[in-house]
Amino acid sequence: MTQSTPCPEGAPSGTAAEKRALVELTNVTKHFGSFQALSDINLTIPEGQVAIVIGPSGSGKSTLCRTINRLETIDDGGSIRIDGKELPEEGKALAQLRADVGMVFQSFNLFAHKSILENVTVGPIKVKGLKKAQATEEAMALLERVGVAQQAKKMPAELSGGQQQRVAIARALAMTPKVMLFDEPTSALDPEMVQEVLDVMVQLAQEGMTMVVVTHEMGFARQAGDRVIFMDEGFVLEDTDPESFFTRPQHERAKNFLGKILAH
């Protein structure tokens, strides 16, 4: 099995190749013991691109996403760069670089003992050194942006799953990241809550946010994605624009995957 090589035409905007590279993965491999989760991945995500990562369970999608801000380490010999800077291994430099990379998880990961407003202000105050008044003003603007400003004084447990996930997006945006990572952000939600989260993500995409999105939401991939990266068994098998992927998949594994997922 061979890995496909990303090419400029995988960035459908036509100008993406001219934009600066915000995320660069070079020869990225990851083992969990004897299991190889990622196999020699080479990807470049330019500024403003929405890259959708899809594939069957166990294909390496979430592992790929988690390596980009070093929630998972990578094997020796590979490298990851964020806006031209090598991803540090640990310490303050890693914390500073992580501030440039927002992350939204499946399970919200809000602080249960803090109010919604406190969840959004804690990062800017503790990491960026913002005064409480400024952090509060900016947080309220973000909560308004994602449609939950009226919930600011409530605790996470008082909100629906969809509302909690929108708060998680606001919390990530509060750090003014250069790129946003979404690891299956709607998979833990009831079906009626999925669209309210996707609507916020579509809005971010339209505003030019650089995004790497691991998802099973094919409608979102077609609507908001600039690029589809299809993975299986730790390899990137296809890397192209959404229209080409959904109408003319090249790899047999991708054809089988689409045949099953689009039939439902």
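So, here's what we can say about the structure. Note that this is a predicted model, so its numbers are computed, not measured.

So, on to the layout of surface pockets. Taken as a whole, the largest pocket holds about 590 Å³ of empty space. Lining the largest pocket we find 23 residues, and of these R98, G123, R171, A172 and M175 sit closest to its centre. Counting residues per element, the ones that place at least two in the lining of the largest pocket are α2 (91–98), β6 (101–104), α3 (116–126) and α5 (161–173). Considering each element in turn, the lining of the largest pocket owes the most residues, 6 residues, to α3. Its residues assigned to classes, the lining of the largest pocket shows 15 nonpolar, 5 polar and 3 charged.

Any space left empty among the atoms is revealed by the rolling of a water-sized probe across them. Scanning the entire structure with this criterion turns up 1 cavity of 30 Å³ or more. The computed volume of the largest cavity comes to approximately 40 Å³. What lines the largest cavity is simply L25, L43, I45, V53, L64, I68, V212 and I229. Across the lining of the largest cavity, the residue classes break down as 8 nonpolar, no polar and no charged.

What follows is about the sheet that holds strand β4 (residues 79–82). Taken together, 4 strands build an open sheet; the order of strands is β2-β1-β4-β5 and the sheet is antiparallel. Two strands in the sheet have a free side with no partner beyond their single neighbour: β2 (35–46) and β5 (85–86). Alignment of strand β1 (residues 21–32) against β2, held across 8 bridges, turns out to be antiparallel. Within β2, the position partnered with V23 by the bridge is I45.

Following the criterion strictly, the structure yields 10 salt bridges and no others. Put simply, D100 and K178 hold a salt bridge, and the shortest N to O gap is 3.9 Å. Of the two residues, D100 sits in the loop between α2 and β6 while K178 sits in the loop between α5 and β7 (179–183), which places them 78 residues apart along the sequence. On the accessibility criterion, D100 (18% relative accessible area) is buried. Using a relative accessible area of 32% as the deciding quantity, one classes K178 as partly exposed. The salt bridge involving R166 is made with E196; its shortest N-O contact spans 2.9 Å.

This part is about the packing of aromatic side chains. Taken as a whole and judged by the stated rule, the model has 3 aromatic pairs. Taken together, a centroid distance of 5.3 Å and an interplanar angle of 55° make the contact between F230 and F257 tilted. Placement of F230 in strand β9 (residues 227–232) and of F257 in helix α9 (residues 252–261) is noted, with a sequence separation of 27 residues between them. Residue F230 shares its accessibility class with F257, and that shared class is buried. An aromatic cluster of at least three residues, connected via ring pairs, comprises F230, F245, F246 and F257. The cationic tip of K30 hangs over the ring face of F32; the distance from NZ or CZ to the ring centre is 4.8 Å.

With that out of the way, let us pick up unusual backbone geometry. In terms of backbone geometry, most residues other than glycine have negative phi values and most peptide bonds are trans. A positive phi angle is found at N27, which is not glycine, with a value near 50°. Relative accessible area serves as the criterion here: at 36%, N27 is assigned to the partly exposed category. The phi torsion at R70 lies on the positive side, around 65°, for a residue other than glycine. Relative to the helices and strands, R70 is located in the loop between α1 (61–67) and β4. Here R70 falls in the buried class, since its relative accessible area comes to 18%.

Calculation rules
- Residues numbered from 1 in each chain as written.
- Predicted model: local features only at pLDDT ≥ 70, side-chain atom pairs only at ≥ 80, totals over all residues.
- Heavy atoms only, no water.
- 1 Å grid on protein atoms, 1.4 Å probe; cavity = no way out; pocket = protein on both sides within 12 Å on 5 of 7 lines; lining within 4 Å.
- Points joined across faces, edges and corners; volume = space filled by probe spheres on them.
- Helix = DSSP H or I, 4+ residues; strand = E, 2+ residues; numbered from the N terminus.
- Nonpolar A, V, L, I, M, F, W, Y, C, P; charged D, E, K, R; others polar.
- Pairing = 2+ DSSP bridges.
- Salt bridge = Lys/Arg side-chain N within 4 Å of Asp/Glu carboxyl O.
- Buried < 20%, exposed > 50% of the residue type's maximum accessible area, 1.4 Å probe, protein only.
- Phe/Tyr/Trp six-rings, centres within 6.5 Å; stacked < 30°, edge-to-face > 60°.
- Lys NZ or Arg CZ within 6 Å of the ring centre and 35° of its normal.

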